[in-house]
Amino acid sequence: MIALFVLPAAAFAAAPPGFTVGVSPQTPANAGDYALMQEAGVRSLRLPLNWSTIEGHSPYLVAPNWSSFDHSVELAAEYGMRVFPFVWGTPLWVAGQPRIEPVRSAWARRAWASFLRRAVQRYGPEGEFWEERPQLEPLPIGAWEIWNEENIVTFGEADPRRFARTIRVAGRAIHGADRGAKVILGGLFGRPLQVPPNVDPGDFVERVYRAHGVKRFFDGIALHPYVADAAAIRPMIRNLRRVMRRHHDAATPIYLTEMGWGSDSYQTRWERGVYGQARELAQAFSLLVGHRRSWRIAGAWWFTWADTPESLCQFCDSAGLLTSNREAKPAWYAFTELTGGDPEIVPRASFGG
């Protein structure tokens, strides 16, 4: 019974103003999910903005296809949520693989900058997306996360100098199109295996800073602290903060744009059982909220919304707040305490004895 599971008292304090609690869904959600998210108190939705999907061909030959992302932004706005995109995925006409950062040639850098400017002009303040939909209350995109887990070879080349060039181009393009926009250095995988070729996040950021002239092009650093237990987040953030202070960047905030545990039982180090998942969620958010000022934490996005049984990721299939049938797991109740949402909008899941 869920009633027998007691969360730490600190978990029952709602997140304070200025600390964003969001969701990073694993798969596209439908209108029913968006309605549930609204009732659950979710106000920020981290979604992929895949360049290769929108511009599968040169925009000089074929018009960009924004329809899928338009649909997500429109649904989010209808339910009072602001989209926080992470932009990644180099089209094949620019590079041979989506994970290759688009900076190997001047031509690729121009294509990358051009896409980012078009994205800001579409979804940013006074963007054409909002002008085309006067019935929506505008919730323009004001923060853009650049790439995703670029310190591991799954999503990038794990090359800090090349990624620094990616950030330079992105920051110049986005800030040029919207002076108030925030550019966030994409979420670094917190504890990568196989180092090298993967790179530890602190070492990766250190080498990005050493590629001179980068700092003014980003406004925050994102981290994905996938660890076995919540307490291990503390040394990870402290190490990242040490690197940032060493480069006179102590004021720049950290965004935890993915954080989560699975509810399966210990098949991997990120799976803690149904009650362990709730415990880790409560302890992690309590730690982050408690240190939000000293660590300058802007917010955290839970990965993920609902279980996805067909997922190929080691723990992603059970990382949801809800089951695949949209029933509440114990983690759901801890999460809605943070957001101030209504936990009773979905039925409780049954896990047997």
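Everything here concerns the structure above.
Predicted model only: the values in this text are computed from it and were never measured.

Cut-offs applied
- Residues numbered from 1 in each chain as written.
- Predicted model: local features only at pLDDT ≥ 70, side-chain atom pairs only at ≥ 80, totals over all residues.
- Heavy atoms only, no water.
- Axes fitted to C-alpha atoms, helices over the stretch in contact; angles between N-to-C directions.
- Helix = DSSP H or I, 4+ residues; strand = E, 2+ residues; numbered from the N terminus.
- Parallel < 35°, antiparallel > 145°, perpendicular 65-115°, else oblique.
- Contact = heavy atoms within 4.5 Å.
- Nonpolar A, V, L, I, M, F, W, Y, C, P; charged D, E, K, R; others polar.
- Buried < 20%, exposed > 50% of the residue type's maximum accessible area, 1.4 Å probe, protein only.
- Arc of directions from axis to C-beta.
- Polar contact = N/O pair within 3.5 Å; in protein donor to acceptor, adjacent residues only side chain to side chain.
- Disulfide = S-S within 2.5 Å.

A. Highlighting the packing of helix α9 (residues 273-290) against helix α10 (residues 330-339). Contact pair α9 / α10: the axes reach a minimum separation of 7 Å and the direction vectors enclose 20°. Between α9 and α10, the crossing angle belongs to the class labelled roughly parallel. Listed contacts from α10 to V274, Y275, Q277, A278, L281 and F285 of α9 are P330, A331, A334, F335 and L338. Across the contact of α9 with α10, the residue classes break down as 10 nonpolar, 1 polar and no charged.

B. Quick peek at helix α1 (residues 31-39). Where α1 is concerned, the buried positions are D33, Y34, L36 and M37. Mapping the buried residues of α1 onto a view down its axis gives an arc of 160°, with all of them on the same face. As for α1, its buried residues are in contact with β2 (44-50) and α3 (67-78). Capping of α1 at its N-terminal end is provided by N30; its side-chain oxygen lies 3.0 Å from the backbone amide nitrogen of G32.

C. Seen up close, the state of the cysteines. Overall, the coordinates contain 1 disulfide when judged by the stated rule. One disulfide in the model links C313 with C316; its S-S distance is 2.0 Å. The chirality of the disulfide connecting C313 with C316 is right-handed, given an S-S dihedral of about 60°.

D. Summary view of the side chain of S311. Here S311 lies in the loop between β8 (297-302) and α10. Of the residues examined, S311 reaches a relative accessible area of 16% and is grouped as buried. Separated by 3.2 Å, the side chain of S311 and the backbone nitrogen of C313 make a polar contact. Once you skip the residues sitting within four places of it in the chain, S311 turns out to touch Q26, C316 and D317.

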